Each structure stands twice: as C-alpha cells, then as structure tokens.
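Structural overview
Residue strings, one per chain:
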Amino acid sequence: MDIAILGGTGDIGEGLALRLAADTSHEVLIGSRDAGKAETKAAEYTTELDSRGLDRQVAGFENVAATERADVVVLAVPPYHVGDTVEAVADALDDGDVLVSPATGMKRDDDGFHYHKPGAGSVTRIAADAAPDEVAVVGAFHNLAAARLANLDADLGIDTLVIGDDEDAKGIVADIAEGIEGLRALDAGGLANAPEIEGLTPLLINVASNNKGLHDLGIRFQ
Ligand SMILES: NC(=O)c1ccc[n+]([C@@H]2O[C@H](COP(=O)([O-])OP(=O)(O)OC[C@H]3O[C@@H](n4cnc5c(N)ncnc54)[C@H](OP(=O)(O)O)[C@@H]3O)[C@@H](O)[C@H]2O)c1
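The numbers attached to residues start from 1 for each chain and follow its sequence in the written order. Only residues with pLDDT of at least 70 get local features here, since the model is predicted, and only at 80 or more are side-chain atom pairs given and counted; chain-wide, interface and lining totals rely on the full set of residues. Each side-chain value is worked out from all heavy atoms of the structure, with water and hydrogens disregarded.

Observations concerning the overall build of the protein
Secondary structure elements are taken from DSSP: a helix is a run of H or I of four residues or more, a strand is a run of E of two residues or more, and numbering for both begins at the N terminus. For the protein, the helix and strand inventory stands at nine helices and ten strands. For the radius of gyration, the atoms used are the C-alpha atoms, and the globule rule reads 2.2 Å times the number of residues raised to 0.38. By the compact-globule yardstick of 17 Å for 222 residues, the protein fits well, its C-alpha radius of gyration being 16 Å. Counting only C-alpha atoms and orienting by the principal axes, one finds that the protein spans roughly 40 × 40 × 30 Å. A 1.4 Å probe rolled over the protein chains alone gives each residue an accessible area, and that area as a share of the maximum for its type sets the label: buried under 20%, exposed over 50%, partly exposed in between. Looking at the protein as a whole, 51% of its 222 residues qualify as buried. Residues are treated as being in contact if the distance between any of their heavy atoms lies within 4.5 Å. The contacts of the protein with a sequence gap of at least 6 include a subset with a gap of at least 24, amounting to 73%.

This is the structure in structure tokens:
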C-alpha cells in the first residue's frame, strides 16, 4: 500500500515513517505543507535506513500531492489542525481511501498533562467530521511514544488501540500497524471510544515524567 504521513516531518511522523519503511513493504510518502521540507526529511529518513543496510526509499511531497498518491493517509499534525488539514487535502482523497488519526489534544498545568477534550468529543471525531463521506476515518497510534519508534534499536513490545466505525478500514490499519515489529493492534471498538484512548496519552506522559528511568512509555495489555 501507499501510505502518506501528513506532517511526516514531525516527531510521530518520523517514528512511523522509519518503522513502516524498516519493517514493511509499504511505500512511505512524507507529506508537509512545504514540499522542500518533505523532500529534505524524506532524504534524512532514507539515509538513516541506508545506514542500517535497509535499501528503502522514502519520498517527500507537499501534503496534497502525498495524499493523491496514497491509499492510507496518516494525520500526524497538531490536534487542532487535524480538521483544516483534512479539508486541505479532501479533494485529493479517492473513494475508499482511509484516513488515520493519531492526534490527541492535551493541556499542561503544574500537575502535568491533561486530556483536552475538544467540543466534537475527540480529535478523531474532528477528523471524521471533516472527511468526505466515502473516506473512512480510523483512530490509531495515539499512545505510541515518537522517540521510541524513531529509535530503531529499541524493541517495542507494545500495543496500539485501533478504533473506527468501518470494519474494513479498521482491518486495513490494524494490518499496517501489525507490520511494525513488536507492535500489536487491538480493536477498541467504534469511533465513539476515541476520548478514552486519546486520554491515555497524557497519562503515559505523566507516569513517564514522575518515575525515574521510565521514558517513552507504551502500553501492553495482558
Ligand atoms: N509526539 C508523539 O510522541 C506523539 C505520539 C502519538 C500521537 N501524537 C500525535 O501526533 C500528532 C503530531 O505530533 P508530533 O509530536 O509529531 O507533532 P509536531 O512534531 O509538533 O508536528 C508534526 C507536523 O505537523 C505539521 N504542522 C505544524 N503546524 C501545522 C499546521 N498549523 N497545520 C498543518 N500541519 C502543521 C508540521 O509539518 P510541516 O511543517 O512539514 O507541514 C510538523 O512537522 C499530534 O496530533 C499528536 O497528538 C504524537
């Protein structure tokens, strides 16, 4: 499959791009609002893979051009720009394409990070509301730590929770996720369950920052 990662120039985009390119045969397309930035980051990822003896080419495009080429489009952008990013690429989406939202809204105070639930109910729901009718939206990758993904020496051994109202689309995303070594995809039900999953991310960050030696935490359900 051709997988575009919009905002693939950022932290979680880098981690997902490197893992997908290293562990799967999917084509990985880096999207950015700036084509030159996408090309530069894609070249960096290709160099990193090459340094590990992995002959994989990662390509970079402006977000619309990346979306046009992709079957699956990951919205690796800040949570409050998920809606406008979907709107910006909507015309480039084909019927049957799948959008994936890993985004979580958080706010921080003296006690730590807190889930910042948007008015729509969840960021995943914002993506679904902005998406064309014939494009399914799936939530996944919310609770993964970008640095752990981007460090290809790190074993994962963690889960990602996958939610969506379209079972076929959810299956496609679960298969992609499971292609990453050490990542298990668990079905967490429909899109209405997004707030519970998005709300786990600030919990993980708070646990990591309050406990020595625990960083880049992930979840394994047992
Ligand atoms: N970091 C993590 O560990 C992690 C883990 C799980 C989920 N997430 C979620 O993944 C998403 C991205 O997180 P991140 O840490 O990778 O963020 P980030 O590095 O701050 O940003 C990712 C990319 O978003 C693009 N971007 C910035 N402002 C934008 C705007 N106004 N409109 C459209 N695109 C914009 C930028 O790409 P260009 O400038 O190239 O367009 C940037 O490289 C967030 O929603 C976050 O909740 C993050």
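That was the structure; now back to the text.
Let's talk about the side chain of threonine 124
Structurally, threonine 124 can be placed in helix H5 (residues 123-130). Under the rule applied, a polar contact is a pair of N or O atoms within 3.5 Å (in protein, one hydrogen donor and one hydrogen acceptor; residues adjacent in sequence only if both atoms are side-chain atoms). Of the polar contacts made by the side chain of threonine 124, one reaches the side chain of histidine 142; its length is 3.2 Å. Filtering out sequence-adjacent residues up to four positions away, threonine 124 remains in contact with Ser101, Val137, Val138, Gly139, His142, Ile163, Leu191, Ala194 and Glu198.

Thoughts on the side chain of threonine 104
By secondary structure assignment, the location of threonine 104 is in the loop between strand S5 (98-101) and strand S6 (106-109). Leaving out residues up to four positions away in the same chain, threonine 104 has contacts with Pro79, Tyr115, Val123, His142, Glu198, Thr201 and Pro202.

Some remarks on unusual backbone geometry
Although it is not a glycine, phenylalanine 141 adopts a positive phi angle of roughly 70°. With respect to the helices, strands and loops of the structure, phenylalanine 141 is situated in the loop between strand S8 (136-139) and helix H6 (146-150). In this structure phenylalanine 141 comes out as buried when scored by relative accessible area, which is 4%.

Overview of the pairing of strand S2 (residues 27-32)
Most of S2 sits out of view: five of its six residues are buried. Once the chain exits strand S1 (residues 2-6) it traverses helix H1 (residues 11-23) before rejoining the sheet at S2, and the crossover so formed is right-handed. Seen with its strands pointing away from the viewer, a crossover is right-handed if its path from the first strand over the helix to the second goes clockwise. With helix H2 (residues 35-51) bridging S2 and its parallel neighbour strand S3 (residues 59-62), the resulting β-α-β unit is right-handed.

As for the pattern of salt bridges
The salt bridge definition used is simple: a Lys or Arg side-chain nitrogen within 4 Å of an Asp or Glu carboxyl oxygen. By the definition in use, this model includes seven salt bridges. Between aspartate 159 and arginine 184 there is a salt bridge, and its shortest N-O distance comes to 2.8 Å. Separated by 25 residues along the polypeptide, aspartate 159 in strand S9 (residues 158-164) and arginine 184 in strand S10 (residues 183-187) bring together distant segments of the chain. By relative accessible area, aspartate 159 is classed as buried at 3%. The class for arginine 184 is partly exposed, based on a relative accessible area of 28%. The partner of aspartate 187 in a salt bridge is lysine 170, and the shortest N-O contact between them spans 2.8 Å. One end of the pair, aspartate 187, is in strand S10; the other, lysine 170, is in helix H7 (residues 167-178), with 17 residues separating them in the sequence. With relative accessibility at 54%, the residue aspartate 187 sits in the exposed group. By sharing partners, the salt bridges in this structure join Glu48, Arg52 and Asp153 into a single network.

Describing the site of the ligand
Nearness here has a simple test: a residue counts as near a molecule or strand if at least one of its heavy atoms is within 4 Å of that partner. With respect to spatial proximity, 22 residues lie near the ligand, and among them Thr9, Ser32, Lys37, Val77 and Leu144 are the closest. Residue glycine 10 places a main-chain N or O atom 3.2 Å away from an oxygen atom belonging to the ligand. Between the ligand and histidine 81 there is a distance of 3.3 Å, counted from a nitrogen atom to a side-chain nitrogen or oxygen. Methods summary: accessible areas were calculated by the Shrake-Rupley approach with a probe of 1.4 Å, and residue burial reflects only the protein chains presented. Contact with the protein chains hides 77% of the accessible area of the ligand, taken as 890 Å² for the molecule alone.

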